[in-house]
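Chain residues, written in single-letter form:
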Amino acid sequence: MSDTPLHLGVSLDGAGRHPAAWREPGARPDELFTAGYWADLVAEAEHGLLDLVTIDDSLGLQSADPFAADDRVDQVRGRLDASMLAARIAPLTAHIGILPTVVVTHTEPFHVSTTIATIDYVSSGRAGVQVRVAARPDDAALLGRRTFPADRDALLRELFDEAADAVEVIRRLWDSWEDDAIVRDGATGRFVDRERLHYIDFEGPRFSVRGPSITPRPPQGQPVVAALAHRAEPFALVGTSCDIGFVTPRDAADARGIVAAIREAQAGAGREAETVHVWADLTVVLDDDAAAARDRLARLDATDPCTDDARVVAGTPAELADLLVELGEAGLTGFRLRPAVLPDDLRHITRGLVPELQRRGLFRTAYEATTLRGHLGLPRPADRYATADTAGSHS
Amino acid sequence: MSRRQMHLAAHFPGVNNTTVWSEPESGSQIEFASFAHMARTAERAKFDFIFLAEGLRLREQNGAIYDLDVVGRPDNATILAAVAAVTDRLGLAATISSTFNEPYEVARRLASIDHLSGGRAAWNVVTSWDKFTGENFRRGGYLAQGDRYLRAKQFLDTVMTLVDSWRGDEIVADKATGEFLRDAGAGRFDVAVDQFDIRGRFSVPRSPQGRPVVLQAGDSDEGREFAAASADAIFTRHGSLEAGQAFYTDVKRRLAAYGRSEDQLKILPATTFALGDTQAEAEERGRRIRRQQVSGQTALRFLEQVWNRDLSHLDPDGPLPEIDPLVVDADSPRVSQGRAADRMYRDPLATAKEWRERAAAGNLSIRDLMTEVTSRQSFVGTPLGIAEQMERFVEQRASDGFILVPHITPGGLDDFADRVVPILQERGSFRADYTGTTLRDHLGLAPLDARSVV
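Another aspect to go through is the overall build of chain B. Of regular secondary structure, chain B possesses 14 helices and 17 strands. Over its C-alpha atoms chain B spans a radius of gyration of 23 Å, differing by no more than 12% from the 22 Å that the globule rule assigns to 454 residues. Overall, the C-alpha framework of chain B stretches about 80 × 50 × 45 Å when taken along its three principal axes. Taken across its 454 residues, chain B has 62% of its residues classed as buried. Partitioning the intrachain contacts of chain B with sequence separation of at least 6 by distance along the chain shows that 75% fall at a separation of at least 24. Just so you have it, chain B exposes about 17,000 Å², and 48% of that area is on carbon and sulfur atoms.

Structure (C-alpha cells):
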C-alpha cells in the first residue's frame, strides 16, 4: 500500500453526473439555479476536507450528443456561468479550492485571467480554473466569429494550441504585477511602482495581448490551472501548461500509460522540477451495501443509460478506497470523483470514503494549508518578471 | 410624508484622483473585505444599488503607466457575484463594455448574477473603441467612432434577445413523468445584424428579473437617445441644479417617442460630498479633500490631458502655459491614453481660452485652477444641510436620486449612511426599508411588459 496521502476533489454539475440523477428522491432539480443549492454542495465537500471542487460549464446548452446539439427534454438543461457561481460560493467557504470550468477558445484570455484572479481574491487564495476548448460548430455559432476546419484532428490541434496560448497569456497576466507593485508612497505621490508592472507582449496566431493586467497579482501568485485530458493534444497541454490533469484511465495499466505521456510532455516543456498532478476521474455510485449501490446504478441506467467518458464505479466506500489505492500505485496523485447523484453520492464521499481513507492514513484529518496551492503541495511561485533588483526589495 | 422619493446608489471608489489613497483610513481597493464593507454599508442604509466601473487597460500618460492615482481593480461582474453572498437586497451594477465582449457571454454572466442574487443584477452599458484598450483583446481596436453606438445598441438588443429566449415556464422538473423541459426549443435564438451573426440556444434559464436593469452613461445627443430608448437609469455628471434640470427635461421628453413614461428612466447624477458638524467645518473639510485630490503633479497631468502635450516642466504653482493645446483627430494617439475623460473636452482650444480667463480673473495657479474645475464637491454641509440640498434637486426635477462617490475606500460611505440617510428617512424622502426584493422593485420599474415576451 502506498503511504503517500491522496488528493481528492469532486466535480459538480447539475443534479449529478448521471443523466437520470435529477429524478432520484433526494435530488433538487428545481433548485439548480439557486445559490443555496450550490452553497450546500460546496459546504458538504468542505466538510469532507476535500482539496477542491470543480464546477462544470460549457458555452452552449447541454447535449447528450458530444458532437452536436440535441433537443431532448428529459434531461437537465440550463447552466449558470461557472465563474459567477464560483465567486458567489467562495465567501461562504474558508478552506476548499474552487475551480470553475472556462472555455478558453473563442473567449478573451484577458477576461479569463482577471476573472480567476478576482475569484482568488474573493476566496483568499483558493481559486483555480479548469480550462477547456469548445470544438462543436454549434458552440462557435453562439459567438459567431470563426469557422472550423473540416478535419477533426486538425481542428483539435488548432484548438489545443490556442488553449495553450490562452493559458500562457492568463499566467503572464497574473505575473504582470509584481507582489509589491503597490507602494502608496506619500512622499513621491506614487500609488504604484511602474517598474514593477510589466507588459506581457504576447503575440500568437489567434490573439495578441499587451498587458499588464488590470488586476494586481492574486493571493496565490498563480491560481491553479487544470484540464480534462483524453488524448495526445490535451496530455501535452497538461504537461506544458497545467498544475493538474484530470484523466480517464480504464485501469491501472492504462493509467500508467497516461501518466507517462503527461510526464514526457512535462519534461519536454522543461518542467521536471515542478509538481504536475495527474488525477483520475471516476464517476461514483456509493452505498454502505455493495449490492444496493449496484442496484441503484442499474436503476439509474434503466431510466437513462449513462455513457460516461470516465470509469463508472458502483460499490461501498471501502471498495472505492481499495480501487483508489490500486490506481494510486500507477502514478496517479489524486482523484476527481464525479458523484453520480447529488447530493447523495457526495455525502457518501464525504461521510463514507473520506473516513475510510483517513483510517488507512491516506487522507488529511484537518486542512493544513489555507490556499489551494497549499493543499496541493505547490509552492507560491516567484513572479516571472521580478528581477533581482525589484524582488530584492522584498527582504 | 408626501415628499418625492429619491433613489440612492453607491459608487465603489474608482481609479482616479477622486479617491484619496494616502489617508490613514484609506484601505485596499482590491481585497474583497473592502467591497463587502461598502456593500454592507449601502445595504444598511437601504440604498438601491452599488455600482462598479470597469477597467480594461491601465492608463498611461507621456508613454508610461499613470501612477499617481489608485491603480488595479478586480473583474467587476465577478466581484459583484461575490458581493451577492454578503448582501440580501442591494442591487449590483457592473459596468461591462460592449466593445471587448460578446453578447452571449455577457448575457450569461448577467443572467447568472441575477439568479445568484435573487434578482439584483444591473448592467452599465459602455462603449469603447480605442486601439489602446484593444491591444489587450482579440478584437483589437477596430471600431470606428461612428459605429460605437450602433454596436452598443445591437449588443444591448442582442443581450435582451438572449435573456428573453427563455420565457420562465419551461422547466417542469417532474421526477415522476421524467419531463425536465416543457419546450424542446427553450433558449433558441437567431440574431443576424451588422455586428452580430449568432444563433443557437442560450444556456441560462430566465432569471428572477427577466432582464438585468440597464444603466447608461453618456451625455452626447446619441447617448441621450440611446438611454431614452433602452436604459432604466442614467448615470450623469451634471453638477448644478440648472444644468441638471436642463438635462432632466431633455432626456425625459425623449421617452414618449419610445412609448415609455417619465418614471421608467431614472436620472442619477454622480455626487460627491463633504460633511461637517457645522457649515464652516464641512467647507474646511471639503477644501482639505480637494487639496489631497489635486496634488501639484496631478494638476499638471490634468492640464496635459487637455493640452495634449508633455507639460512636466511647468510649475504647478505657476500660471497656465502660453502655448496652446495640440489638437489632433479622434483616432490619433494622445499624450494620455485609456481615460474616458480625454475625450470630454471636445474643443480644447475653447477650454484653454475659458480657463485662461478664469485663471486671470481669480489670479489662480495651475493647481488652484485644476482643483476648481475638476474636484469641487457636489454637496458640502451639515447632515441636515446636505439632506435639504439633495431633496431640492429631486423636488425640482434636476434628478431622481444620486450615485454617491465617496473619496475613501472602504469607509467613505459610513458617515453618509449614519448621519444623512436617517434624516432623509425621517423627512420621508428616502425609504425606511426595502419594500421589494429585486432591483427593479427598488427602482419602481414596471413589470416587464409585452416587449419582452416572445
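Still to come is the rest of the account.
We now examine the interface of chain B and chain A. With 73 residues of chain B at the interface, the matching set in chain A holds 80 residues. Between chain B and chain A, roughly 6,200 Å² of surface is buried when both sides are summed, and carbon and sulfur atoms account for 60% of that area. Broken down residue by residue, the surface that chain B buries against chain A is led by Arg138(B), Lys175(B) and Phe180(B), which jointly contribute 15%. Run the count over chain B and chain A and you get four salt bridges. For Arg194(A), the salt bridge identified is with Asp67(B), shortest N-O distance 3.3 Å. Our count for the contact surface shared by chain B and chain A stands at 36 residue pairs in polar contact (both at pLDDT 80 or more). Mapped onto the side of chain B that touches chain A, the elements with two or more residues apiece are β4 (64-65), α2 (76-83), α3 (103-116), β7 (171-174), β8 (179-181) and β10 (197-201) of chain B. Examining the composition of the side of chain B that touches chain A, we find that eight residues originate from one element, α3(B), more than from any other. When its residues are assigned to classes, the side of chain B that touches chain A shows 36 nonpolar, 16 polar and 21 charged.

Let us look at the side chain of Thr105(A). For Thr105(A), the location among the structural elements is in the loop between β3 (97-103) and α3 (109-122). At 3.1 Å, the side chain of Thr105(A) forms a polar contact with the backbone nitrogen of Ala134(A). Residue contacts for Thr105(A): discarding those within four places in its chain leaves Arg132(A), Val133(A), Ala134(A), Arg146(A), Leu159(A), Glu162(A), Ala163(A) and Arg138(B).

Every buried residue belonging to helix α11 (residues 366-375) of chain B is among Ile366(B), Arg367(B), Leu369(B), Met370(B), Thr371(B) and Ser375(B), and all of these are buried. In this structure, the buried side of α11(B) is in contact with α8 (279-293), α9 (296-307) and α10 (348-362) of chain B.

Take the pairing of strand β4 (residues 128-132) of chain A next. All names here are of chain A. Counting buried residues in β4 gives four out of five residues, a clear majority hidden from the surface. As for the winding sense of the linkage, the β-α-β connection from β3 through α3 to β4 is right-handed. Bridge count between β4 and strand β9 (residues 224-229): four bridges; the pairing is parallel. Within the sheet, the bridge partner assigned to Gly-128 lies in β9 and is Val-224.

For the rest of this paragraph, the subject is the packing of aromatic side chains. Summed over the entire model, instances satisfying the criterion amount to 21 aromatic pairs over all chains. Relative to Trp355(B), the ring of Trp307(B) lies with its centre 6.5 Å away and its plane at 25 degrees, an arrangement referred to as stacked. Taken as a pair, Trp307(B) in helix α9 and Trp355(B) in helix α10 lie far apart in primary sequence, 48 residues in all. As far as the burial class goes, Trp307(B) and Trp355(B) line up, both buried. Aromatic rings pair up to connect Phe47(B), Phe273(B), Phe416(B) and Phe430(B) into one cluster. We note Arg210(A) situated over the ring of Tyr199(A); from NZ or CZ to the ring centre the distance is 3.8 Å.

All names here are of chain B. Tracing the chain through its elements places Thr-18 in the loop between β1 (7-11) and α1 (32-44). Expressed as a C-alpha distance, the spacing of Thr-18 and Val-214, which sit 196 residues apart in the sequence, is 25 Å. Each residue touching Thr-18, except ones within four places of it in the same chain, is listed here: Thr-272, Gln-293, Val-405 and His-407.

Next up on the list: the packing of α8(B) against α11(B). Residue and element names in this part refer to chain B. Axis separation between α8 and α11 bottoms out at 10 Å; the angle between their running directions is 110 degrees. The orientation of α8 relative to α11 falls into the category roughly perpendicular. Together, Arg-290, Arg-291 and Gln-293 of α8 and Arg-367, Asp-368, Thr-371 and Ser-375 of α11 make up the contact between the two elements. Taken together, the residues of the contact of α8 with α11 break down into no nonpolar, three polar and four charged.

Residue and element names in this part refer to chain A. Structurally, the position occupied by Glu-46 is in helix α1 (residues 35-47). One buried charged residue, Glu-46, remains without a salt bridge, the closest side chain of opposite sign being Arg-126 at 4.4 Å. Here the side chain of Glu-46 touches His-95 through a polar contact of 2.6 Å, landing on its backbone nitrogen.

Attention shifts here to the sheet that holds strand β17 (residues 401-404) of chain B. Residue and element names in this part refer to chain B. Spatial strand order, β1-β2-β5-β6-β11-β12-β13-β17: eight strands in a closed barrel with parallel pairing. Taken pair by pair, the neighbouring strands of this sheet meet at an average axis angle of 30 degrees, ignoring direction. Note that β1 and β17 share four bridges and pair parallel. Among the inter-strand pairings, His-7 is bridged to a residue of β17, identified as Gly-401. Most of the contacts of α3 go to strand β6 (residues 121-126), to which it runs at about 150 degrees, and overall it touches β5 (91-97) and β6. Across the face of the sheet, helix α7 (residues 241-253) comes into contact with β12 (233-236) and β13 (266-271) while running at roughly 150 degrees to β13.

Residue and element names in this part refer to chain B. Domain assignment breaks chain B into domain 1 (7-272 + 378-452) and domain 2 (280-375). Distance between the C-alpha centres of domain 1 and domain 2: 29 Å. The partner domain 2 presents 24 residues to the 19 residues of domain 1 that form the contact. Together domain 1 and domain 2 conceal approximately 2,100 Å² of surface at their shared face, both sides included; 46% is due to carbon and sulfur atoms. If you sort the residues of domain 1 by the area they bury against domain 2, Asn-17, Gln-61 and Asn-62 come out on top, with a joint share of 26%.

In this structure, Phe47(B) and Phe416(B) are the most contacted members of the largest nonpolar core, which totals 217 residues. It is helix α5 (residues 152-175) of chain A that provides the largest number of residues to this core, a total of 11 residues. Excluding residues that lie within four positions of it along the chain, Phe416(B) makes contacts with Leu8(B), Phe47(B), Phe273(B), Leu275(B), Ile386(B), Met390(B), Leu404(B) and Val421(B). Judged by nonpolar contacts, the second largest core, of 17 residues, contains Val294(B), Leu311(B), Ala352(B) and Ala359(B).

So, how was this worked out
- Residues numbered from 1 in each chain as written.
- Chains lettered and ligands numbered in written order.
- Predicted model: local features only at pLDDT ≥ 70, side-chain atom pairs only at ≥ 80, totals over all residues.
- Heavy atoms only, no water.
- Helix = DSSP H or I, 4+ residues; strand = E, 2+ residues; numbered from the N terminus.
- Rg over C-alpha atoms; globule rule 2.2 N^0.38 Å.
- Buried < 20%, exposed > 50% of the residue type's maximum accessible area, 1.4 Å probe, protein only.
- Contact = heavy atoms within 4.5 Å.
- Areas by Shrake-Rupley, 256 points an atom, 1.4 Å probe, with all protein chains shown as cover.
- Buried area = accessible area lost by both parts, 1.4 Å probe.
- Salt bridge = Lys/Arg side-chain N within 4 Å of Asp/Glu carboxyl O.
- Polar contact = N/O pair within 3.5 Å; in protein donor to acceptor, adjacent residues only side chain to side chain.
- Nonpolar A, V, L, I, M, F, W, Y, C, P; charged D, E, K, R; others polar.
- Right-handed = clockwise from strand over helix to strand, strands pointing away.
- Pairing = 2+ DSSP bridges.
- Phe/Tyr/Trp six-rings, centres within 6.5 Å; stacked < 30°, edge-to-face > 60°.
- Lys NZ or Arg CZ within 6 Å of the ring centre and 35° of its normal.
- Axes fitted to C-alpha atoms, helices over the stretch in contact; angles between N-to-C directions.
- Parallel < 35°, antiparallel > 145°, perpendicular 65-115°, else oblique.
- Lys, Arg positive; Asp, Glu negative; His and termini not counted.
- Domains from an automatic or database assignment.
- Core = buried A, V, L, I, M, F, W, Y, C linked by side-chain atoms within 4.5 Å.

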